[in-house]
Amino acid sequence: MRDLVNVCFQNSYSYFYEFLCQKIYFLQNFDDVLVPPDHISRSYNDTYYIDPQTVLRCHTSAHQAELLRRGHTHFLVTGDVYRRDSIDSTHYPVFHQMEGVRVFLPGDWEASGMDGTSYAAEDLKKCLEGLARHLFGDVEMRWIDTYFPFTNPSFELEIYFQEKWLEVLGCGVTEQEILKRSGKTDNVAWAFGLGLERLAMVLFGIPDIRLFWSTDERFTSQFSKGQLGVKFKPFSKYPPCYKDMSFWINESFTENNLCEVVRGVAGDLVEEVCLFMFLPITGLGPLHHFSQVAELLYIFDCQVQLIDNFTNKKGMTSQCYRIAYRSMERSLTDEEINELQWNVREQVQSKLKVVLR
Ligand code: DAH
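Residues numbered from 1 in each chain as written. Predicted model: local features only at pLDDT ≥ 70, side-chain atom pairs only at ≥ 80, totals over all residues. Heavy atoms only, no water.

(A) How the structure looks around the pattern of salt bridges. Summed over all chains, the structure comprises 13 salt bridges. One connected set of salt bridges, linked through shared partners, spans R2, D3 and K225. (Salt bridge = Lys/Arg side-chain N within 4 Å of Asp/Glu carboxyl O.)

Spelled out as structure tokens, the structure:
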């Protein structure tokens, strides 16, 4: 995600990655960005304190002032942030943020006829809308006016995701006091802090932020660096149970019908049904062979799998299917799976008129 966002800002920004230590001074986290003494985020209830002077950074904004003081005017900071927060599908006590800051000179806004603040606010919104379109294409988004101690005006960007508005970033025009303290008196700046997991949730259709901490191969194997356009495929945390079934098919047999019958018996306990056609019948042209290979690769995604197929001397074709049973809520017992499988066999035989082997 970080690299994807970086690409959008191209080469005009300096990047600072995780080398910025996550244990930071209380002052950096709060005072440097003008968080008032009585602000709720300072409480032990909201922030992880290591000792009264040191906290686990609760936002990447903690590094703004330090980098401005060092003379940087365009930068992105990426890091892990820690908050005592509710745990649900969009909140987790550790996540990753990317901070962006851009400082303007009077020459930048004077020609536009706008004042510095309006110019920066407009540029900020344009820039972040561009980022959202770059990442998600034509997505539904909206701006919400809000409050942050370090910006005025302040905004949040929300994206419509899984039938809800999801906040993906906070931003605004930097308070003059922050710029003044870093020796920039004639400037205007904007800043944003975006949640990288939340962006990834929208991009890959990941429904729960807790999944980013999963070591389950069924999650981790779905994604790899640089591979975009992948959509998360749900899985259950309970193990699957596999049952194989072989039969001689007839001319009217289709996998669609098979899947219908299996679903009719086992309902949602069958994780997924996919269509697959793999008939090594001689006489088919090279194109068919190509599509067979393609479908053979595809089969590894499927939960009703054709795992064997042959044609005997009489021209009858036998196929063997593997069915994966799995519940999202509980472990299935051997007895119930055996009973389901027994019913599936009976129904497949009677409804599809195939001959079980
Ligand atoms: N630090 C804010 C947060 O974690 C996000 C944010 C808002 C960052 C406004 C900014 C900003 O740089 O200008 O919720």
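(B) Quick look at the site of the ligand. Taken together, 15 residues are adjacent to the ligand, and S61, R83, Q97, E99 and T151 come closest. Measuring from a nitrogen atom of the ligand, one finds a side-chain N or O atom of H59 at 3.1 Å. The separation between an oxygen atom of the ligand and a polar side-chain atom of E99 is 2.5 Å. Here the ligand, which alone exposes 350 Å², has 92% of that area covered by the protein. Mapping the ligand onto the cavity grids shows that it belongs to the largest pocket. For the shell around the ligand, the elements supplying multiple residues, two or more each, are β6 (94–104), β9 (164–174) and β10 (188–195). Of the residues that constitute the shell around the ligand, the class distribution is 5 nonpolar, 8 polar and 2 charged. (Near = heavy atom within 4 Å. Polar contact = N/O pair within 3.5 Å; in protein donor to acceptor, adjacent residues only side chain to side chain. Areas by Shrake-Rupley, 256 points an atom, 1.4 Å probe, with all protein chains shown as cover. 1 Å grid on protein atoms, 1.4 Å probe; cavity = no way out; pocket = protein on both sides within 12 Å on 5 of 7 lines; lining within 4 Å. Sits in = over half its atoms within 2 Å of the grid points. Helix = DSSP H or I, 4+ residues; strand = E, 2+ residues; numbered from the N terminus. Nonpolar A, V, L, I, M, F, W, Y, C, P; charged D, E, K, R; others polar.)

(C) Seen up close, the side chain of E197. Here E197 shows up in helix α7 (residues 196–204). Buried charge E197 goes without a salt bridge, the closest partner of opposite sign being R198 at 8.0 Å. Non-local contacts of E197, meaning those with residues more than four positions away in its chain, are made with F95, H96, I209 and F212. (Buried < 20%, exposed > 50% of the residue type's maximum accessible area, 1.4 Å probe, protein only. Lys, Arg positive; Asp, Glu negative; His and termini not counted. Contact = heavy atoms within 4.5 Å.)

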